[in-house]
Each structure stands twice: as structure tokens, then as C-alpha cells.
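Take a look at the letters that make up each chain.
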Amino acid sequence: MTAAQHTTSRFSAQATLLGEYSDSLLGVFGSPSLVLTHGHGAVVTDADGRDYLDLLAGIAVNALGHAHPRWVEIVSRQLATLGHVSNFFTSPQQIALAGKLLSLAGAPAGSHVFFANSGTEANEAAFKLARRHGQEHPGPDGRPRSTVLALESAFHGRTMGALALTAKEAYRAPFEPLPGGVRHIPATVEALEQHLDGTVAALVVEPVQGEAGVRELPEGFLRRARELTRRHGALLIVDEVQTGVGRTGRWFASSTELTGDDLPDALTLAKGLGGGFPIGAMLTVGPEVSALLGAGQHGTTFGGNPPATAAGLATVTVIEEDGLLEHARTVGALLGDGLRAVPGVGEVRQRGLLIGADLLVPEGATAPFGPAVVEAAREAGFIVNATGPATLRLAPPLILTEEQARTFLEALPGILSTATTAVAAPAAAPAGTPPAAVPPKEA
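Reading the values: the criteria
- Every chain's residues receive numbers from 1 upward, in the order its sequence appears when written.
- Whole-chain, interface and lining totals are the exception, using all residues; otherwise, since this is a predicted model, local features are given only for residues with pLDDT of at least 70 and side-chain atom pairs are given and counted only at 80 or more.
- Values reported for side chains reflect all heavy atoms of the structure, with hydrogen atoms and water molecules removed beforehand.
- Domain start and stop positions are those given by an automatic or database domain assignment.
- By definition in these notes, contact holds between two residues if any of their heavy atoms fall within 4.5 Å.
- The working definition used for a salt bridge is a side-chain nitrogen of Lys or Arg within 4 Å of a carboxyl oxygen of Asp or Glu.
- Only DSSP runs of H or I covering at least 4 residues are called helices, and only runs of E covering at least 2 are called strands; the numbering of each starts at the N terminus.
- The span you would expect from a helix comes to 1.5 Å times its residue count less one.
- Relative accessibility under 20% of the residue-type maximum defines a buried residue, over 50% an exposed one, and the middle range a partly exposed one, all with a 1.4 Å probe and only protein chains included.
- A pair of strands is treated as paired once DSSP finds two or more bridges between them.

Our focus in this paragraph is the domain arrangement of the chain. For the chain, the assigned domains are domain 1 (32–61 + 324–424) and domain 2 (71–322). Between domain 1 and domain 2, the C-alpha centre-to-centre distance is 28 Å. Contact with domain 1, which involves 24 residues of that partner, is made by 26 residues of domain 2. Linking domain 1 with domain 2 are three salt bridges, by the criterion used here. Secondary-structure elements contributing two or more residues to the side of domain 1 that touches domain 2 are α2 (57–60), α12 (324–340), β13 (345–351), β14 (354–359) and β17 (391–394).

Below you can see the structure in the form of C-alpha cells.
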């Protein structure tokens, strides 16, 4: 399709659909930039037939890319066999996926899994787990533990409990008062040592803060958090919604510091777990923590349904059989090193295929540079994301090839140049220049 054809078609199929979107859907996501109709591998296609290299993967969701043949075959077969059954019943897929996740985590006997539909639901379950722990295990003064610690710059979701754990004021303020008892602290060992005491029911952390721009915790932070939570009788809850299931080149990003007897008390997963099918999970480690939530104390209608758990099993199986953990490390390193070599790119933070890149804002820019780069990249055929005014996030499918990664690196200087022009202040006309002629209006 030529550029002229694309421009013409944009005013038919895509523009019409986007207009219908604005007429019909609640505007909580703003205005979509594209209508996507199908995809294959790491490539998606819009309503005008234009292809894009997907370097966001539905925000770290499509771990196997789009329309992966084995994933499609397994999920399709399951949908043709058994769909929803409610949690009055179970299915072989649900049991198998739970066992597989506990095995991958190295969880001891007595550990369990709760299946939900999303990351925010998994974190809601974890918040309730923390509350139950605070009631069941009072502090040294005999009172229930009422405080849950989370980190500054944290993002744990948008439902009310998960939002209370989320630090961003713009997300929180319109919905206050939120559930109380949450205190946000700096992501430093010193802050842990200052705030973790016998009043704390749980500490909730992301091993890498994705929404904050792929920000690593300080080295040794998780180990010290494990030591201090045990010392003071608090739970350590690790949110691996974005970082889990191979995204960082490991099954769990926290496993760099927390293994064996030092596992967290609970882990939350979602995003990449279903490979595009909605699913979330909370893993409770050990029999004591698993006993905190009993029959009737939590639930979800759709959680752990056969198609979702079949999708989870398919995703995990393909990652394992195709060596995608090592592949994510290899291609991630290629992207990270390549970004560092591009003029106009500052600090790059990379863990597997979760990458944050700070951009050098052009002097005199009159608009946020990150969104301008996202738009320029899209026009060049690449889907990326800005997590801030000057930070890009890449979270492509784990199947992204080295060749595909190189096409983005080769195109990036031109993308940055286009974005720089877009945010530049308009040049002032020389003194004495007459105003441009205005064409007459048509009758």
C-alpha cells in the first residue's frame, strides 16, 4: 500500500471506526490511535491494511505474539470442548496450571494458587491476604496489624484496593477516600529499616517498576525486605504482574534475589500468563499463608475458567519448549545495547524484554517529547509506549526476532528526528514579512 493509498483509506475505514468508538465507548482510555484488525507473530495490521512491528505486546501481555499457532490450536480446542463452568466445579486445565506455576516458583508443599481475571484482581486478593494476616497475627502490642507498605512510584492496578497500593497521585485523587492503612515509602533499604515494624501487616513491591519507566529496585533490596518482614512478622508480597512469566528472561524477576527458603509469601501474576487471554493469579507460599483465606472469604465468577487456564498452560509450555527465556535475554540485550548507541537516547534500563529508555529532550521543545516519539514511531510502522514525558517503554513479544529488533534500531534515529521537528517551536518570521495570503472561501 502506498502512502497516498494509506492516507485515502485512513479517511474511510479507520476514521469511520474511530468515530464510532468515540460515540459508543466510555472515554477512560482517551482516543485510540489505531483500529487493529489482525496480527501475526510480532506484527499487527490496522483497519487500513498497514502493518506495524508491535514492540509493546498489549503492554507485556502477548508473550507469544499474535495468533501463535500452538496457542490458537489449544485455546480453540478448549473453547470447542468446555467453556465456563463456575467455581462450583474445576477442570483438568485449572489443576494443571496451578501445579505448573507452583513448580516454576519452587514453592514448598502446602502452597496454593488463586486464579482471577487480571492483575488488579490478583492484587486485590493479595491486599485481602495482607488484611487477614494483620488480623490473625497481631503486633507486639496485641492489636491487629493495620499498615500495608508499598513503594513510591508503585503501580498495582486501578480497582480500589489495588489503587490504594498505587502511588501515582493523578490516579488516586479523583477516587479518594481509598482503603486506608497504606503507606508509601521510598524504594531504599534505609526506608525499609525505618518503616518496617510490628505494626506492618505486609510489604508489597514490584521487582521492576514498569509503569514508572522500568525502574529497578536497588541491589539487595528484596533480600533485605525478606529478612525484615520475617523479623517483624509481616508478609512479603511481590507483584510480578508485568515482570513474570518470562518477561525479564526469567520465570519470575524476583528470583534473582528470592529463591529456596527465601521465597516471597505471595506472588501475583497476570499479563503474559495468558498470552492474550485474560487471566490473573495469586500464589500463596506455604501452608500458613495459604490458610489465611478460607472458603467464602474471596472469590470471582470467571477466575480459573477452562479457556483461560488452557491459554496459560499453552503460554507456559511454548515458552519452555521454545527456549524463550534465553531468547528474551538475548534479544533484550541486543535492543538495550542498540538503544544506548543511538544519539538522543540517554539512560537505558533493560531486564530481558522489558526496557525503559530515557530520551534527551530537544532544546526549546514545546510539547512532551515521549508522546511525539510514540507518534513518529507509529507513522514509521512501530508500536512503542511512553511511560512519561521523556521515557519510552518496550515490552515486545518474547518471540521478537533479532532481525525485527534491528529494524527498529535502524529506524530510531529518523523517528527521533521527526519527533524533534514536531515539538520544535515554530520559527519566527523575519521582521517586515507580510502575512501569508488567505485563499478566498469557496461559495
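Moving on: α12. Compared with an ideal rise of 1.5 Å per residue, which puts 17 residues at 24 Å, α12 spans 24 Å between its outermost C-alpha atoms and is within 8% of the ideal. Residues of α12 that are buried in the fold lie against α11 (306–321), β13, β14, β17 and α14 (402–423).

Once that is clear, we can look at the environment of Ile279. With respect to the helices and strands, the residue Ile279 is situated in the loop between β11 (266–269) and β12 (280–284). Using a relative accessible area of 3% as the deciding quantity, one classes Ile279 as buried. The spatial distance from the C-alpha of Ile279 to the C-alpha of Gly304 is 7.3 Å, given a sequence separation of 25 residues. When near neighbours in sequence (up to four residues on either side) are disregarded, Ile279 contacts Leu97, Phe115, Ala116, Asn117, Ser118, Ala270, Lys271, Leu273, Gly274, Ala308 and Thr309.

For the rest of this paragraph, the subject is the pairing of β17. Residues Thr391 and Arg393 of β17 are buried on one face, and the alternating residues Leu392 and Leu394, pointing to the opposite face, are buried as well. Bridge count for β14 against β17 is four bridges, and the pairing is antiparallel. Bridge pairing in β17 links Asp358 to Thr391. Relative to β17, strand β16 (residues 385–388) runs antiparallel, the two sharing three bridges. Counterpart to Asn385 in the pairing with β17 is Arg393. The turn linking β16 back onto β17 is made up of two residues.

Quick look at unusual backbone geometry now. Residue Pro177 is bonded to the preceding Glu176 through a cis peptide linkage, with omega at 10°. As for its placement among the helices and strands, Pro177 is situated in the loop between α7 (169–172) and β6 (182–185). Look at Ala57: it is not a glycine, yet its phi comes out positive at around 55°. You can see Ala57 is positioned in helix α2. Ala57 sits in the buried class, given a relative accessible area of 0%. You will see that Val245, though not glycine, has its phi angle at about 60°, which is positive. Position of Val245 among the secondary structure elements: in the loop between β10 (235–239) and β11. A relative accessible area of 5% means that Val245 is categorised as buried.

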